[in-house]
Structure formats: C-alpha cells, structure tokens
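Survey of secondary and tertiary structure
Read off the chains here:
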Amino acid sequence: MKQVRLSAFAAALWAARCFAQAPVPINPTPSRIVGHPKSEQNGQLASYNPNLVEGRELWSPQGVALDTSVTPPILYVSDGNNNRVLAWKNATDFRTGLPADLVIGQQDLFHTDAQGPGIGLQTGLYGPSGLAVFKGDLYVADTNNNRILRYPQPFANAGNEFPDLYIGQPSLNSRSANYLGQVDRQGINLAGVGSSLAFDSAGNLWITDPGNRRVLRFKATDIAGTGGPLTADLEIGQPLGFTDVRPALKAPDLLTGNVFAAPLALGFDPSGRLFVCDSDGNQFNRVLVFPGPFTSNAPTAARIMGVFGPGQTPTQDQ
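This section reports on the structure supplied with the text.

Rules behind the numbers
- Residues numbered from 1 in each chain as written.
- Predicted model: local features only at pLDDT ≥ 70, side-chain atom pairs only at ≥ 80, totals over all residues.
- Heavy atoms only, no water.
- Pairing = 2+ DSSP bridges.
- Helix = DSSP H or I, 4+ residues; strand = E, 2+ residues; numbered from the N terminus.
- Axes fitted to C-alpha atoms, helices over the stretch in contact; angles between N-to-C directions.
- Buried < 20%, exposed > 50% of the residue type's maximum accessible area, 1.4 Å probe, protein only.
- Polar contact = N/O pair within 3.5 Å; in protein donor to acceptor, adjacent residues only side chain to side chain.
- Contact = heavy atoms within 4.5 Å.
- Core = buried A, V, L, I, M, F, W, Y, C linked by side-chain atoms within 4.5 Å.
- Salt bridge = Lys/Arg side-chain N within 4 Å of Asp/Glu carboxyl O.

**Comments concerning the sheet that holds strand S2 (residues 74–79)**
An order of S1-S2-S3-S4 is seen for the four strands of this open sheet, with the pairing classed as antiparallel. In this open sheet, the two edge strands, each paired with only one partner strand, are strand S1 (61–67) and strand S4 (102–104). Looking at each pair of strands side by side, their axes are set apart by 20° on average, direction ignored.

See below:
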C-alpha cells in the first residue's frame, strides 16, 4: 500500500482550517470585576464615574434639606453630578462613612448616569440642585430637565419613589426650557445652573428661575394638589409681567432693585422678608431684600447687600 506523508506545512494548514471551523465561544460578560462594587448587567456599565458610587460619597452636592416633621429628622442631599438625591433616615445619628438609606432619581445606589425624559428613567434626575421639604414631602429642582418634582414622603414610599407633582413642564415626558416656546407663567429655564426652593409661612412655594432672570411664587392651594403643570401667581424680576425677559444687566445697574442678573438662591427670615442671591459670576454679586407684602406690581428691593452706594468706597485689602 502506498503511504501518503504530509509535510509539516500541510499539517499546520490542515490544523488551522479545523480550528477555524470550530471557534471557541467567548463569554462577553466578565466573571469578576475589579474596581466596581456590583456586577454589571449585559455588559452595560451602570456608572462611568471615577468615584465608587455606593451611597457613601458625593460628586458636586448642590443642596441640603431636613425633614423635621419626623423624629429623628431625615437628611436629604442633592448629589448633582451623580444625578440623584441621597437620604439618611436618621440625621442626628449620622456617622462618617455611613451609606445612604435611600436613593431618589436613580434605579439604585450603583447607577449615576443622567436620567429624565428621552435619556433614561423618565422620572429620574439630571443634575438636581435645590431641595425643600414641606409636610414630609420632598421637592427637588431637576436642573437639566427644567422642572421641579415632588416626591411624597419618600421613606413611606421606598421602592416606589414616583413624583406626584411637577412644575415647569406639561407632563413627565418633557424636559425643554420654556416648553411653550416663550416665557410665561408655567415654563421655567433653569439654564444648567439650578434652582433654589423655599416655602413662606403661608405654605406658598417660591423658586428661582435663573434663565428667565426672575423669582416665581406658586400658591399653597395649588401645591396642595397633584399633577401639573402649576401656574405661578406672582413673579419678581420682570417688571413688565410673566412674558417679559429683560436684557442682561450691566455694571451701571448694580443698584437697580426690581430686576436680577441671575437669581441663584432665596430664603425667608422669621419676619417674612425675602432674600435673593443675585450673581452672574462676574460683575453682579449681591443680595436683594424684599420686605413684602408681595404683589405683582414689580416689587423693588428695600435693601441691596454687597454693593456700594453713592459716596461709598470699598475697603482695600492690605
């Protein structure tokens, strides 16, 4: 019988063809992960952030609020760049490094990507800033979704933190600034800056609307309901009304008390006076004080803090 011998080259070629026809399957999901506390699902990262996002840490926190309607009080912190609000159920017993008891605006403590209509979790958060608590309910300024959301008693609804009231948008499906295409009583423009929230003694909600250079008030009777969008009943900062947006202020306007450069924060003192921080990050760095009672006839600040009047000169650094 004639023997057939294969050269070394032919044998290698034959082996390569055999292996090419039967590839070894590769598992696309890693069996173990170093550098992240939770296994990823279907190869999709829950967070691209360099920090370990497990509820112990913050990235550019923007606001703090305490719920003193319960004992012990609840602490809420808006974790801006992690697109969430973290909550600790016992603010008086907090210890350094203690993880949050609840996360709002994300699926869990391990997700931090931007959320909101068209980009992720519809009722999630994208750059939350100002916070307020009223009657146990949490109000959140959802900056880059241009809306204010209310989460009713978050700890009583843990696992189902769904907003029951919204301001600044016609529904929970929209996120555009001034959604009607013009400035009005309902739309807001948080301009990537954020909003500050505060309640007065009558239960009215006040917010800063920096992109429209104004402060808005929403009546307590409207806040008592659900749904939205709510309609503001009073504004400060636009003398010609709700559809007016004055041009940006200039240096000679530093002592002008009925308009803003960019209202960023607000609060009330026990006498009901309204304090508004007004700063464009450049020339305007001041606080306007409005004594009330408040009406829609273009109120003017009674005092302006942080600027100098005629004949006054600033103290020079030595």
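Moving on from the coordinates now.
**Concerning the side chain of Asn212**
With respect to the secondary-structure elements, Asn212 resides in the loop between strand S10 (205–209) and strand S11 (214–218). Judged by its relative accessible area of 2%, Asn212 falls in the buried class. Looking at Asn212, its side chain comes within polar contact range of the side chain of Asp209, at 2.8 Å. Not counting residues within four places of it along the chain, the set of residues in contact with Asn212 comprises Asn178, Val183, Gly187, Ile188, Asn189, Gln238 and Val245.

**Structural notes on the nonpolar core**
In terms of nonpolar packing, the biggest core is built from 18 residues, with Ile167, Leu197, Leu205, Ile207, Phe218 and Ile223 touching the most fellow members. Those elements that place two or more of their residues in this core are strand S6 (137–142), strand S8 (165–167), strand S9 (197–199), S10 and S11. Apart from residues lying up to four places away in sequence, Leu205 is in contact with Tyr139, Ile167, Leu197, Ala198, Phe199, Leu216, Arg217, Phe218 and Ile223. Formed by 17 residues, the second largest nonpolar core is a distinct cluster that contains Leu102, Leu125, Leu131 and Val133.

**A few points about the sheet that holds S11**
Read across the sheet, four strands follow the order S9-S10-S11-S12 without closing on themselves; strand pairing throughout is antiparallel. In the strand order of this sheet, the two ends are held by S9 and strand S12 (234–236), each with one partner. Each strand of the sheet is rotated relative to its neighbour by a mean of 25°, with strand direction disregarded. Of the strand pairs in this sheet, S11 and S12 are connected by three bridges, and their pairing is antiparallel. Along S12, the bridge assignment pairs Leu216 with Glu235.

**As for the pattern of salt bridges**
With the rule as written, the count across this model stands at ten salt bridges. Between Asp93 and Arg95 there is a salt bridge, and its shortest N-O distance comes to 3.9 Å. With a relative accessible area of 47%, Arg95 lands in the partly exposed category. Here Arg214 makes a salt bridge to Glu235, at a shortest N to O gap of 3.6 Å.

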